[in-house]
Amino acid sequence: MLKLTSINTSYGHIRALKGISIEVNKGEIVCLLGSNGAGKTTALMTVSGILKPDSGDIYFERESIKGLAPHLIVKKGICQVPEGRRIFPKFTVLENLETGAFVSAVQNFNKNLERVFSLFPILKERKNQTAGTLSGGEQQMLAIGRALMSNPRLLLLDEPSLGLAPILAGKIFKTIAEINNEGITILLVEQNANAALKLSHRGYVLENGSIKLHGSGEELLHNEDLKKAYLGI
Amino acid sequence: MFLQQLINGLTLGSVYAIIALGYTMVYGILELINFAHGEIYMLGAYLVIIFLGIFTAMGLTSANFTLALILSIILTVVFCSAYGFTVEKVAYKPLRNAPRLSPLISAIGVSIFLQNFIMLTQGATDRGFPYRFGEGHLYFLNVDITYLQAMIIIVSGFLMFSLRIFIWKTRIGKAMRATSQDKTMAALVGINVNSIISVTFIIGAGLAAVAGVMVAAYYGLINYFIGYIAGIKAFTAAVLGGIGSIRGAMVGGIILGLVEGLGAAYISSEYKDAFAFIILIIILLIKPSGIYGREIDEKV
Ligand SMILES: Nc1ncnc2c1ncn2[C@@H]1O[C@H](COP(=O)(O)OP(=O)(O)O)[C@@H](O)[C@H]1O
Ligand SMILES: [Mg+2]
């Protein structure tokens, strides 16, 4: 469904991605692991069109999306929940969800809204509250809900568990599985390798801008090198 | 006397306010002070005179003055908006990721270009507005208001009201408010950020054009340099209200107009232009964020 081939992306003269190739098949949850500064966020921002790769290609459903403007990529069905959630702090919860619906057909609005509210009932309770006043967990739910309002076929999630208490993080991971069960393909960026791998069909390990390892979730979970480097076991 | 000066100040203030809106909207979206904005007001003043001249040559002005005037204003707004749109594409967009000083220098370059272009093509001496209109008077509580003054206040009020509705009630307005909070995130939810930026420049330029038309008619005399002073005053109004805040630009403009009107009457008319600078210095010292600068829901 999504295929990155030999992608190079730089910030000025600093090359952050050094020829990475990643593939995500329809219906999968694929995780992209790596420590801080490995290039995970850069990879997602390149897929979303915020950063332009120097070389390589990006295909979505066999069609190249490289160089497409970010809003057109969202229209094609790829939506990102970025690192740090980035909800619109001055908007209410409902207004945030409305911004998510800008690209989807107007007649789907109520249906999508009901779906988001059933996934995250707390958002319904808080729908008229200013989003900036929500807790970290609620903001993450709002960020995911906002992305779902665009009816994505591929959801990119950048460290959704970051800064959340373990119970909340667990809840977010459960929701991710639920969203995937509804048929949405997921590319999940995480530092919490253990939890992410348990959830994922396949995974890639990024180190210094290059893919170091890839395999099924099960394989990676039992990989000795990975255990030492990332799982802290 | 006091009420009279209040009306004069309000007339001027509403013009400052609608120019200030252009500064504040662009700042709200791009965090850029568009120092080429004041020149659009000057361009508007010249264009309306030029278009009226063309309609006069065609015989329309004598046949139907109101129609000729309205057509001239519409054409002026369209031209100025196109100019504002082009300036953004040519002078700012290529510098969007450049250091903050670069677009500022580019803006000054654009200003100097337009000023000199007008000076060379239209002459360096004052130009007069070719027609007098709206000279009838209203008397109200011993205050003398010309029809033109009343028209300026009403038109400005209407434009400000319409802008508020646009920003708060429409889809594009909501996209503008989202973009002003987080441009990258706006793009990630599917907003075409480049179009939103263009819309912002088009609206700002259109408002400045109307201000230029109104002042050309009000004072009756213009020159290629009026954009500079008006630009600085409107910028002061925007800073006074809290740059980035729509309501701030409106309130700031009115306050500045009133201070100028009253200051000219009671302190010294010679120092009329200095009041704006004094206010600017005082705000920058006391409350650089301006009146509404910290208000969370007001930035465009
Ligand atoms: N805006 C930026 N400007 C310059 N370098 C950056 C920028 N963002 C990230 N980098 C660099 O690119 C590399 C990858 O960063 P990032 O993709 O954010 O990593 P991760 O998300 O895996 O923590 C890091 O070395 C980081 O310092
Ligand atoms: Mg990151």
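Look up: the structure comes first, before these words.
What counts, and at which threshold
- Residues numbered from 1 in each chain as written.
- Chains lettered and ligands numbered in written order.
- Predicted model: local features only at pLDDT ≥ 70, side-chain atom pairs only at ≥ 80, totals over all residues.
- Heavy atoms only, no water.
- Helix = DSSP H or I, 4+ residues; strand = E, 2+ residues; numbered from the N terminus.
- Rg over C-alpha atoms; globule rule 2.2 N^0.38 Å.
- Buried < 20%, exposed > 50% of the residue type's maximum accessible area, 1.4 Å probe, protein only.
- Areas by Shrake-Rupley, 256 points an atom, 1.4 Å probe, with all protein chains shown as cover.
- Lys, Arg positive; Asp, Glu negative; His and termini not counted.
- Charge placed at Lys NZ, Arg CZ, Asp CG, Glu CD.
- Contact = heavy atoms within 4.5 Å.
- Donors = N, O, S within 2.8 Å, 3.2 Å for Na, K, Ca; no water.
- Pairing = 2+ DSSP bridges.
- Buried area = accessible area lost by both parts, 1.4 Å probe.
- Salt bridge = Lys/Arg side-chain N within 4 Å of Asp/Glu carboxyl O.
- Polar contact = N/O pair within 3.5 Å; in protein donor to acceptor, adjacent residues only side chain to side chain.
- Near = heavy atom within 4 Å.
- Nonpolar A, V, L, I, M, F, W, Y, C, P; charged D, E, K, R; others polar.
- Expected span 1.5 Å × (residues − 1).
- Arc of directions from axis to C-beta.
- Phe/Tyr/Trp six-rings, centres within 6.5 Å; stacked < 30°, edge-to-face > 60°.
- Lys NZ or Arg CZ within 6 Å of the ring centre and 35° of its normal.

Novice: If you had to explain the overall build of chain A to someone new, which residues and values would you point to?
Specialist: Counting its regular elements, chain A contains ten helices and ten strands. Its C-alpha atoms give chain A a radius of gyration of 17 Å, within 12% of the compact-globule value 17 Å for 233 residues. With the principal axes as the frame, chain A shows a C-alpha extent of 45 × 40 × 30 Å. Counting over 233 residues, chain A shows a buried share of 54%. Summed over all atoms, the accessible surface of chain A reaches about 9900 Å², with 51% contributed by carbon and sulfur. Taking the 27 positively charged and 22 negatively charged side chains of chain A as two groups, their mean positions are separated by 3 Å.

Novice: Account for the overall build of chain B, with residues named and values stated.
Specialist: Counting secondary structure elements, chain B contains twelve helices and four strands. What you see for chain B is a C-alpha radius of gyration of 19 Å, in line with the 19 Å of a compact globule of 300 residues. Considering only C-alpha atoms, chain B reaches an extent of 55 × 45 × 35 Å along its principal axes. Of all 300 residues assigned to chain B, the portion counted as buried reaches 52%. The contacts of chain B with a sequence gap of at least 6 include a subset with a gap of at least 24, amounting to 78%.

Novice: So what's going on with the coordination of the magnesium ion (ligand 2)? Which residues, and what values?
Specialist: Geometry sets the ideal angles at a metal, namely 109.5 degrees for four tetrahedral donors and 90 or 180 degrees for six octahedral donors. Residue and element names in this part refer to chain A. Bound to the magnesium ion (ligand 2) are the protein donor atoms T41 (OG1) and E83 (OE), situated 2.0 to 2.2 Å from the metal. A residue pair is termed long-range when its members are at least 10 positions apart, and T41 in helix α1 (residues 40-47) and E83 in the loop between β6 (78-81) and α3 (93-100) qualify at 42 residues. A relative accessible area of 31% places E83 in the partly exposed class.

Novice: Mind laying out the sheet that holds strand β1 (residues 2-11) of chain A, listing which residues take part and the relevant values?
Specialist: All names here are of chain A. Ordered in space as β2-β1-β4-β5, the four strands form an open sheet in which the pairing is antiparallel. Each edge of the open sheet is held by one strand with a lone partner, namely β2 (14-24) and β5 (63-64). Here eight bridges tie β1 to β2, and the two strands are oriented antiparallel to one another. Paired with S10 across the two strands is R15, which belongs to β2.

Novice: For the interface of chain A and chain B, give the residues involved together with the corresponding values.
Specialist: Where interface size is quoted, it is often the accessible area lost as the parts come together. Counting from both sides, the interface comprises 23 residues of chain A and, opposite them, 18 residues of chain B. Both sides of the chain A and chain B interface together cover about 2000 Å² of buried area, and 65% of this is carbon and sulfur. Of all residues in chain A, A:F88, A:K90 and A:F102 give up the largest surface area on contact with chain B, accounting jointly for 35% of the area buried on that side. In this assembly, chain A and chain B are joined by three salt bridges. Measuring nitrogen to oxygen at the nearest pair gives 2.8 Å for the salt bridge that ties A:R86 to B:D182. Summed over the shared surface of chain A and chain B, the result is five residue pairs in polar contact (both at pLDDT 80 or more). Elements supplying a minimum of two residues to the side of chain A that touches chain B: α2 (70-76), β6 and α3 of chain A. No other element matches the four residues that α3(A) contributes to the side of chain A that touches chain B.

Novice: Lay out the site of ligand 1 with the relevant residues and their values.
Specialist: Residue and element names in this part refer to chain A. Lining the immediate surroundings of ligand 1 are Y11, A16, S35, N36, G37, A38, G39, K40, T41 and T42. In the environment of ligand 1, an oxygen atom lies 3.2 Å from a nitrogen or oxygen atom belonging to the backbone of A38. Between an oxygen atom of ligand 1 and a side-chain N or O atom of K40, the distance comes to 2.8 Å. If ligand 1 stood free it would expose 550 Å²; the protein chains cover 61% of that surface. Here the shell around ligand 1 gets three residues from one element, more than from any other, and that element is α1. Grouping the constituent residues of the shell around ligand 1 by class yields three nonpolar, six polar and one charged.

Novice: Describe the pairing of strand β9 (residues 202-207) of chain A, listing the residues and the values that go with them.
Specialist: All names here are of chain A. Counting buried residues along β9, five of its six residues qualify, which places the element largely inside the surrounding structure. Here four bridges tie strand β3 (residues 29-33) to β9, and the two strands are oriented parallel to one another. Across the sheet, the residue bridging to L33 is V205, located in β9. In this structure, β9 lies alongside strand β10 (residues 210-216), joined through six bridges in antiparallel fashion. Pairing of R202 across the sheet is with S216, part of β10.

Novice: Quick one: what's the story with helix α7 (residues 166-181) of chain A, residue by residue and with numbers?
Specialist: Residues and elements named next belong to chain A. Here α7 contains 16 residues, and its C-alpha end-to-end distance of 23 Å stays within 8% of the 22 Å for a straight helix at 1.5 Å per residue. For α7, the complete set of buried residues consists of A169, I172, F173, T175, I176, I179 and N180. The buried side chains of α7 occupy one side of the element, clustering within an arc of 160 degrees when seen end-on. Residues of α7 that are exposed and point over 90 degrees away from its buried face: I167, K174 and N181. Check the buried side of α7 and you find it contacts β3, α4 (109-119), α6 (136-148), β7 (154-158), β8 (185-190) and α8 (193-199).

Novice: So what about the packing of aromatic side chains? Which residues, and what values?
Specialist: Scanning the model with the defined rule gives ten aromatic pairs over all chains in all. Seen from their ring centres, B:F35 and B:F235 are 5.4 Å apart, and the 55 degrees between their planes marks the pair as tilted. With B:F35 in the loop between α1 (2-30) and α2 (37-58) and B:F235 in helix α10 (residues 226-241), the pair connects residues that are 200 residues apart, well separated along the chain. For B:F35, a relative accessible area of 32% corresponds to the partly exposed category. Both rings, one in B:Y218 and one in B:Y219, keep their centres 5.3 Å apart while their planes meet at 40 degrees; by these two values the pair is tilted. Three or more aromatic residues joined by ring pairs form one cluster here, namely B:Y23, B:F35 and B:F235. A cation over a ring is seen here: A:R146 above A:F88, with NZ or CZ 5.2 Å from the ring centre. Cation over ring: B:R247 sits above B:Y292, and NZ or CZ is 4.8 Å from the ring centre.

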